[in-house]
Amino acid sequence: KIETRYNCVLCMTGTEFTPLDSPSDQVSRILSFASRLQELIKGDEAVGGLGVRFGVATGQLSVAFIPAYKKIVPSVCAFGSVANLAARMLHTSRPGLVPLSEAAAR
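Residues numbered from 1 in each chain as written. Predicted model: local features only at pLDDT ≥ 70, side-chain atom pairs only at ≥ 80, totals over all residues. Heavy atoms only, no water.

### As for helix α1 (residues 23-42)
Here is step 1 of the chain: Its 20 residues give α1 an end-to-end C-alpha distance of 29 Å, which sits within 8% of 28 Å, the value for a rise of 1.5 Å per residue.
Here is step 2 of the chain: Here α1 has its buried residues at Q26, V27, I30, A34, Q38 and I41. Buried residues of α1, viewed axially, fall in a sector of 110°; they line one side.
Here is step 3 of the chain: Against the buried residues of α1 lie α3 (102-105). (Helix = DSSP H or I, 4+ residues; strand = E, 2+ residues; numbered from the N terminus. Expected span 1.5 Å × (residues − 1). Buried < 20%, exposed > 50% of the residue type's maximum accessible area, 1.4 Å probe, protein only. Arc of directions from axis to C-beta. Contact = heavy atoms within 4.5 Å.)

Structure representation (C-alpha cells):
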C-alpha cells in the first residue's frame, strides 16, 4: 500500500531498480493480490456484502514523500497519468472485476 484516497487504497509493485523484474511479473503480482483479497472478503462475514473494485494500469509514476506538517503522520503520494487511469477504471468497475489498461493487458 502506498496511499489511501478517500475509500480507495493505491497499491504499487515493482520498480525499474529491481533486477530481472518485468512489467508482466508486476502485473501478475497485483492480479494475484486482487484475487486473494476478493477471496478473503467473500469469506469474511464481518464485512458482509462489501464489494471491492480494482483498476490496474502500468507505467511511470512520480512518488513524493510529504512530511508531516499539521498532520499526525507523513504521507507518500503517487502522481501521474497511470495513477489517474487506474483510479478512473476503479470508479467505473463493478465489484469482482479487475479491469486492466491496454499496457497492463500486454
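### Side note on a nonpolar patch on the surface
Here is step 1 of the chain: Together, M12, V63, F65 and V76 make up an exposed nonpolar region whose accessible area comes to about 340 Å².
Here is step 2 of the chain: Examined against the element boundaries, F65 turns out to sit in strand β3 (residues 62-66). (Patch = residues over 30% accessible without salt bridge, like charges linked within 9 Å, V, L, I, M, F, W, Y side chains within 5 Å. Areas by Shrake-Rupley, 256 points an atom, 1.4 Å probe, with all protein chains shown as cover. Salt bridge = Lys/Arg side-chain N within 4 Å of Asp/Glu carboxyl O.)

### Overview of the side chain of S93
Here is step 1 of the chain: On the secondary structure map, S93 appears in the loop between α2 (81-92) and α3.
Here is step 2 of the chain: If we ignore the near neighbours within four places in the chain, the residues touching S93 are R53, F54 and P99.

### Examining the environment of C11
Here is step 1 of the chain: On the secondary structure map, C11 appears in the loop between β2 (8-10) and α1.
Here is step 2 of the chain: Residue class for C11 comes out partly exposed when judged on its relative accessible area of 29%.
Here is step 3 of the chain: Each C-alpha atom, one on C11 and one on F33, is 9.7 Å from the other, the two residues being 22 residues apart in sequence.

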